[in-house]
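What follows is the residue order along each chain.
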Amino acid sequence: MTGAGGLGDRLGQSITGLFGRRHSGAQVGEEVESMEYRIDDLARAAGTTTRNVRAYQERGLLPPPVGKDGRASIYDNSHLERLRLIDALLQRGFTTAHIGDFITSWETGKDLTEVLGLQHAVTASWAKDETFEVPRELIGTILGAEADELVDRLREMKLVRLEGDTVVFTETQLLTSFAELHEYGLELRTLIEIYAKVADRIDDITHIMITAAKQHIIDEHGAGWLPETSGEIADTTTMLSKMRELAVASVHSTLARSLDVTLRRELGDYLATAAERERTKTDSRPDSPS
């Protein structure tokens, strides 16, 4: 133990509301509950600005709000998913005019429910959507003396974002695990770097899986194909959802099995070293007097 000063306890208290606010979403693999957003919240969740949201709506790229709360417009998950599609195309050099033409052309004559189902299968987040907000001046009470450096590193890894004077942790469960392990003497910096190495390898795995799904669609229909009929939309939506479920389940089971095998091997090696050390100590002792 390194005398971490109750970091795990302080973090636990903070998460329950002492220093910040916790916002929960879906667990990995769970169906995302319908959520409502005001325009500021929608823009923040999509990583864009309220000005862009309004502009997309005016240009017909974004559907109208689902309702009103007083004077405030209310949006839902379908708007967030549409914003993710728009962002993906903007990052690939398409203009908003091109995107509008593309969306209008593809949606024309199709059932809206089916279109939204496919949009959800492609863009909905399966990651644990939970954030934890801490005022910047209190961050040292949670992360300790190296708080500023650790926040910078977590920002590089997209585990933290800054919103004015607030530090927003985007992976609350991970942060809690860091704190609990830190109580056993593991340094936070070390834990963060371990996570970075694991995340890199997971990114490689997901690339393999997504590339396989993309190649299957190309092999079946050709590059750039989009489903047109109700049957094609339904089949594509189901396939993508099933592949995501399979990816999560296979990685989870493979990781669990690998942990079992590696732990047994490493434990055996460690115990062999311990036994050898004990034998050496015994052999080096002088004979006890009769």
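Structure's up top.
Participant: Teacher, can you tell me more about the side chain of Asp76 here?
Facilitator: Topologically, Asp76 is positioned in the loop between strand 3 (72–74) and helix 4 (77–90). We note that Asp76 is buried and unpaired, the nearest opposite charge coming from Arg82 at a distance of 10 Å. One polar contact links Asp76 to His79, side chain to side chain, over a distance of 2.9 Å.

Participant: Explanation requested: the pattern of salt bridges in the structure shown.
Facilitator: Pairing is possible between side chains of opposite charge, provided their charged atoms come close. Inspection of every chain in the model, using the stated rule, returns 13 salt bridges. A salt bridge links Arg44 to Glu163; the shortest N-O distance between them is 3.5 Å. Within this pair, whereas Arg44 is found in helix 2 (residues 39–46), its partner Glu163 is found in strand 5 (residues 160–163), the two being separated by 119 residues in sequence. For Arg44, a relative accessible area of 40% puts it in the partly exposed group. The salt bridge partner of Glu266 is Arg265, with a shortest N-O separation of 3.9 Å. Judged by its relative accessible area of 42%, Glu266 falls in the partly exposed class. Judged by relative accessible area, which is 44%, Arg265 ranks as partly exposed. Taken together, the shared-partner salt bridges connect Asp41, Arg44, Arg161 and Glu163 into one network.

Participant: Just checking my understanding: could you explain the side chain of Ser73 for this structure?
Facilitator: If you trace the backbone, Ser73 turns up in strand 3. Judged by relative accessible area, which is 18%, Ser73 ranks as buried. Polar contacts involving the side chain of Ser73 include one to the side chain of Lys68, which spans 3.2 Å. Once residues within four sequence positions are removed from consideration, Ser73 is found in contact with Tyr37, Arg38, Ile39, Pro65, Gly67 and Lys68.

Definitions and limits used
- Residues numbered from 1 in each chain as written.
- Predicted model: local features only at pLDDT ≥ 70, side-chain atom pairs only at ≥ 80, totals over all residues.
- Heavy atoms only, no water.
- Helix = DSSP H or I, 4+ residues; strand = E, 2+ residues; numbered from the N terminus.
- Buried < 20%, exposed > 50% of the residue type's maximum accessible area, 1.4 Å probe, protein only.
- Lys, Arg positive; Asp, Glu negative; His and termini not counted.
- Salt bridge = Lys/Arg side-chain N within 4 Å of Asp/Glu carboxyl O.
- Polar contact = N/O pair within 3.5 Å; in protein donor to acceptor, adjacent residues only side chain to side chain.
- Contact = heavy atoms within 4.5 Å.

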